[in-house]
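Geometric and topological summary
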Amino acid sequence: MKTRTRKLKVSVISDLHLATHASKAKELLRYLKSINPEILVLNGDIIDSWRFSRNYFPKPHLKIIRHFIKMLENGVKLFYVTGNHDEFLRKFNGSEMGNLKIVNQLVLELEGKKTWIFHGDIFDNIIHRSKKLAKFGAAAYGLLTLLNKGVNYFLKLLGRREIVIYRSLKKKLIQDKPQPSKFELAISKVAAQKDYHTVICGHTHIPKDKTIINEHGIVNYINCGDWVENMTAAEYENGRWSLVQFSEFEDSSPYEDFEIPDEKEVYQSLMRELAII
């Protein structure tokens with residue numbers, strides 16, 4: 001039985017990190033099969049050249065590439081926007097092969113309004129200050145992913161739900177504040193100056209959909225998230241952009257966040273365990 005697909009004007013996905021253990025390729029393939037877009041935008045960090053190894057490119061990852069080719073054959077316009085993990089493609093900016101085009105940034109005019117799409121790493125000060133530090137962080141993330149897989153293997157044997165340690169750590173370290181971050185403010189400022197109604201980036205792996213007001217105007221800021229932790233995409237249909245999560249239309253993710261206590265909670269727990277309080 002053929003799965004029904006949702007017709008879309010545009011779908012934007014980023015940070016797939018294919019060729020790494022963290023990539024949720026199986027879930028991504030189910031998402032791609034669930035949509036029928038006129039335009040698909042791959043918004044950077046699609047194949048992770050920073051951690052690429054000839055020894056690791058499993059079948060689910062290969063199926064993603066095959067599905068992209070199938071979409072091209074079916075007439076879908078595919079824009080590959082380069083990111084920092086696939087920066088080797090930036091020298092091919094403007095190259096076209098049939099319905100595939102490689103770009104460093106993309107501007108779409110939809111319903112008379114301009115949408116600016118780019119990866120976002122150009123606004124990341126850490127990468128500009130020390131690329132080695134950024135690569136070290138990516139390597140540490142990879143090790144944590146392998147550790148997470150090991151933990152989930154034993155949880156599965158025990159009949160327990162799988163957890164996502166790195167997403168929980170990020171939530172603990174990066175508090176979601178109502179005011180825009182420096183990263184968001186910098187991007188929205190440039191977008192407003194260029195008279196873009198909407199700006200879509202990736203890079204941070206933190207999905208966001210908010211309106212940012214600055215001295216230059218009002219900008220709809222969207223971060224389309226990733227397919228490592230959040231499984232999110234930005235979609236345009238019926239004259240508006242929306243941020244969607246894969247579980248919203250197919251509850252297939254078995255993962256849950258791992259509650260990581262803060263220092264005070266750990267201390268109190270230890271005191272109770274030792275029967276001191």
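First things first, this report covers the structure right here in the doc.

Each value, and the rule that gives it
Chains are numbered independently. Their residues run from 1 in the order of the written sequence. Note on the predicted model: pLDDT of at least 70 is required for a residue's local features to be given, and 80 or more for side-chain atom pairs to be given and counted; whole-chain, interface and lining totals, by contrast, use all residues. Each side-chain value is derived from all of the structure's non-hydrogen atoms; neither hydrogens nor water enter the calculation. Counted as salt bridges are all cases of a side-chain nitrogen of Lys or Arg within 4 Å of a carboxyl oxygen of Asp or Glu. In DSSP terms, a helix is any run of H or I states spanning at least four residues, a strand is any run of E spanning at least two, and both are numbered starting from the N terminus. As used here, the term nonpolar core means buried Ala, Val, Leu, Ile, Met, Phe, Trp, Tyr and Cys residues forming a set that is joined through side-chain atoms within 4.5 Å. Any residue under 20% of the maximum accessible area for its type is buried, any over 50% is exposed, and the rest in between are partly exposed; the area is computed with a 1.4 Å probe on protein chains only. Polar contact is defined as a pair of N or O atoms within 3.5 Å, subject to the rule that within protein one atom must be able to donate a hydrogen and the other to accept it, and that residues adjacent in sequence are counted only when both atoms are side-chain atoms. To estimate the expected span of a helix, count its residues, drop one, and scale the result by 1.5 Å. Within this analysis, the arc is defined by the directions that extend from the helix axis to the C-beta atoms. Contacts are assigned to residue pairs with any non-hydrogen atoms lying within 4.5 Å of each other. One bridge is not enough; two strands pair if DSSP finds at least two bridges between them. Note on geometry: axes are C-alpha line fits, over the in-contact stretch for helices, and angles between N-to-C directions span 0 to 180 degrees.

Things to note about the pattern of salt bridges
Counting across every chain of the model gives 6 salt bridges. Ionic pairing is found between Lys 210 and Glu 184, a salt bridge with its closest N-O pair at 3.1 Å. Pair noted here: Lys 210 is in strand S10 (residues 208-214) and Glu 184 is in helix H6 (residues 182-193), with a separation of 26 residues, a long-range link.

Side note on the nonpolar core
Counting residues in each nonpolar core, the largest one holds 27 residues, and the members touching the most others are Ile 13, Tyr 31, Leu 40 and Phe 68. Elements with a contribution of two residues or more to this core: strand S1 (6-13), helix H1 (25-33), strand S2 (35-43), helix H2 (59-73), strand S3 (77-81) and strand S5 (100-103). Examining the composition of this core, we find that 5 residues originate from one element, H1, more than from any other. One finds Leu 106, Ile 200, Ala 234 and Tyr 236 within the second-largest nonpolar core, a separate group that totals 17 residues.

Some remarks on the side chain of Asn 84
Along the chain, Asn 84 turns up in the loop between S3 and strand S4 (96-97). Given the relative accessible area of 4%, Asn 84 is considered buried. Within polar-contact distance, the side chain of Asn 84 engages the side chain of His 203 at 3.2 Å.

As for H2
Relative to the 21 Å expected for 15 residues at 1.5 Å per residue, H2 spans 21 Å between its end C-alpha atoms, a close match to the ideal helical length. Of all the positions in H2, only His 61, Ile 64, His 67, Phe 68 and Met 71 are classed as buried. One side of H2 holds all its buried residues, which, seen down the axis, span an arc of 110 degrees. Facing away from the buried side of H2 by over 90 degrees, the exposed positions are Lys 59, Arg 66 and Glu 73. Buried-residue contacts for H2 involve H1, S2 and S3.

Quick word on the sheet that holds S3
The mixed open sheet is built from 7 strands, whose spatial order is S4-S5-S3-S2-S1-S12-S13. Each end of this open sheet is capped by a strand with a single partner; those strands are S4 and strand S13 (240-245). Across 7 bridges, the pairing between S1 and S2 is parallel. By the bridge assignment for S2, Val 10 is matched with Ile 39. In the packing of H1 onto the sheet, the strands contacted are S1, S2 and strand S12 (232-237), and the crossing angle to S1 comes to about 140 degrees.

Remember, this is a structural readout, not a statement about activity or role.
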